[in-house]
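Fold and contact review
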Amino acid sequence: MSHKAGFVNIIGNPNVGKSTLMNAFVGERLSIITSKAQTTRHRILGIVNGEDFQLVLSDTPGIIKPAYEMQESMMNFVKSAFEDADILIYMVEIGEQDLKDEAFFNKIIHAKIPVLLLLNKIDNSNQEQLEQQVTFWKEKVPNAEIFPISALQNFNVPEVFGRIIELLPESPAYYPKDQLTDKPERFFVNETIREKILLNYSKEIPYAVEIVTEEFFEDEKIIRIRSVIMVERETQKGIIIGHKGAALKKVGTDARADLEKFFGKQIHIELYVKVNKNWRSNANMLKRFGYNQ
């Protein structure tokens, strides 16, 4: 029996539902999901295996005009998604008109590979608006197959998945069949903590934060974790910690609950906060944090 395998890369503006879609396909929360823009900073692979196929999904940061070096690096992850894709998913939401970067848009409409345009969040629209949007995107991206979906409600998601499998090229598997992602455990610890910061703090705080997990010791029944929350200024450190440490304790409690579900073990987590001035514009720091490869 022939075997299919390929790279399916998801691109689009911030907050259109790319991470929700990938998690729906994979069946695990590999990408963090919040209502804030720029939640995804890295390119994250999720691997879906079947007896005769392997689907390597790539969730990328939302497309923005970079304002500082970290955002430049984030857009480099998006550029790389065009280079190795066998199938490209361009995700938009109801009411959206354009990508924020014309160069990326030109790459989509001139792509030599299959393009699936997913019109997401249709549960927020009516039939008339949906028909108008489908007509608009057919004209805008004539090389794409268009699928109206709701990633959150799983509407039409199985149909999209089936179409992807049909389009996959014949190939042996790229990764071991029991592998779920290309990222190590510490990456998901960092992302889970960062998600809780995105949910619990406002304004600039979540965007000035990076997480470094310095210790990850796994025993049969418990995982012991020590992570550092990096901020850019002393004032941010005070906000993260909160009155008598209450805000930091809530981040740790919320993260522990999610990590226990993810790893299926008891979690002991210690969080510390350090100031690392202007790390988002420091090339050495960005490389250490996995942005500049």
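Residues numbered from 1 in each chain as written. Predicted model: local features only at pLDDT ≥ 70, side-chain atom pairs only at ≥ 80, totals over all residues. Heavy atoms only, no water.

Scanning the chain for helices and strands turns up 9 helices and 9 strands. By the burial criterion, 52% of the 293 residues in the chain qualify as buried. Considering only contacts in the chain between residues 6 or more positions apart, those separated by 24 or more positions represent 72%. Carbon and sulfur atoms make up 49% of the accessible area of the chain, which totals about 13800 Å². (Helix = DSSP H or I, 4+ residues; strand = E, 2+ residues; numbered from the N terminus. Buried < 20%, exposed > 50% of the residue type's maximum accessible area, 1.4 Å probe, protein only. Contact = heavy atoms within 4.5 Å. Areas by Shrake-Rupley, 256 points an atom, 1.4 Å probe, with all protein chains shown as cover.)

Helix α8 (residues 246-263) packs onto helix α7 (residues 234-241) with a crossing angle of 65° between their chain directions and a minimal axis gap of 5 Å. Taking contact as the criterion, the partners of I239, I240 and I241 in α7 are, on α8, A246, A247 and L248. (Axes fitted to C-alpha atoms, helices over the stretch in contact; angles between N-to-C directions.)

Tallied over the full model, the rule gives 9 salt bridges. When the shortest N-O distance is used, the salt bridge between K196 and D258 registers 2.7 Å. Placement of the pair is K196 in helix α6 (residues 185-200) and D258 in helix α8, with a sequence separation of 62 residues. Grouping residues by exposure puts K196 and D258 together as buried. K265 is the salt-bridge partner of E218, the closest N and O atoms lying 2.8 Å from each other. With a gap of 47 residues between them, E218 in strand β7 (residues 210-218) and K265 in the loop between α8 and β9 (266-275) connect regions that are remote in the sequence. Residue E218 is classed as partly exposed on the basis of its relative accessible area of 43%. (Salt bridge = Lys/Arg side-chain N within 4 Å of Asp/Glu carboxyl O.)

Below, the discussion takes up α6. Taking 1.5 Å per residue, 16 residues should reach 22 Å; α6 reaches 23 Å between its end C-alpha atoms and fits that length. With 12 of 16 residues buried, α6 is to be regarded as a mostly interior element. Regarding α6, the residues found buried are F187, F188, V189, N190, E191, T192, I193, R194, E195, K196, I197 and L198. (Expected span 1.5 Å × (residues − 1).)

Before going further, it helps to spend a moment on the side chain of R194. Within the fold, R194 resides in helix α6. Residue R194 is classed as buried on the basis of its relative accessible area, which comes to 2%. A distance of 3.1 Å separates a polar atom in the side chain of R194 from a polar atom in the side chain of E191. (Polar contact = N/O pair within 3.5 Å; in protein donor to acceptor, adjacent residues only side chain to side chain.)

This part takes up the nonpolar core. Judged by nonpolar contacts, the single largest core of 25 residues is most densely connected at L21, F25, L55, L57, I89, L118 and I164. If you list the elements that add at least two residues to this core, you get β1 (4-12), α1 (18-26), β3 (53-59), β4 (87-93), β5 (115-120) and α5 (157-167). Here this core takes 5 residues from α5, the largest share from any one element. Within the second largest apolar cluster, 22 residues are counted, among which are I197, Y201, V231 and V251. (Core = buried A, V, L, I, M, F, W, Y, C linked by side-chain atoms within 4.5 Å.)

Our focus in this paragraph is the sheet that holds β7. Strand order in the open sheet formed by 3 strands is β7-β8-β9, and the pairing between neighbours is mixed. Looking at strand neighbours, the two that pair on one side only are β7 and β9, the edges of this open sheet. On average, each strand axis in the sheet is inclined to that of its neighbour by 15°, with strand direction left out of account. For strand β8 (residues 222-231) and β9, the ladder comprises 10 bridges, and the chain directions are parallel. Bridge pairing in β9 links I223 to I267. Lying over the sheet, α6 contacts β7, β8 and β9, oriented at roughly 130° with respect to β7. The strands touched by α7 within the sheet are β8 and β9, with β9 carrying the most contacts at an inclination of about 155°. (Pairing = 2+ DSSP bridges.)

This part is about α1. Summarising burial for α1: 8 of the 9 residues are buried, a large majority. Among the residues of α1, K18, S19, T20, L21, M22, N23, F25 and V26 are the ones counted as buried. The first or second residue beyond α1 is G27, which carries a positive phi of 85°.

This part is about the side chain of E232. Tracing the chain through its elements places E232 in the loop between β8 and α7. Take E232: its relative accessible area is 7%, and that puts it in the buried class. Look past the residues within four positions of E232 in its chain and what remains in contact with it is A208, V275, N276, K277, N278, W279 and R280.

Notably, N154 is not glycine yet its phi reads approximately 65°, a positive angle. Note that N154 resides in the loop between β6 (144-148) and α5. Of the residues examined, N154 reaches a relative accessible area of 40% and is grouped as partly exposed. We note that K244 has phi near 55°; this positive angle belongs to a residue other than glycine. Inspection of the secondary structure assignment puts K244 in the loop between α7 and α8. Since its relative accessible area comes to 78%, K244 is described here as exposed.

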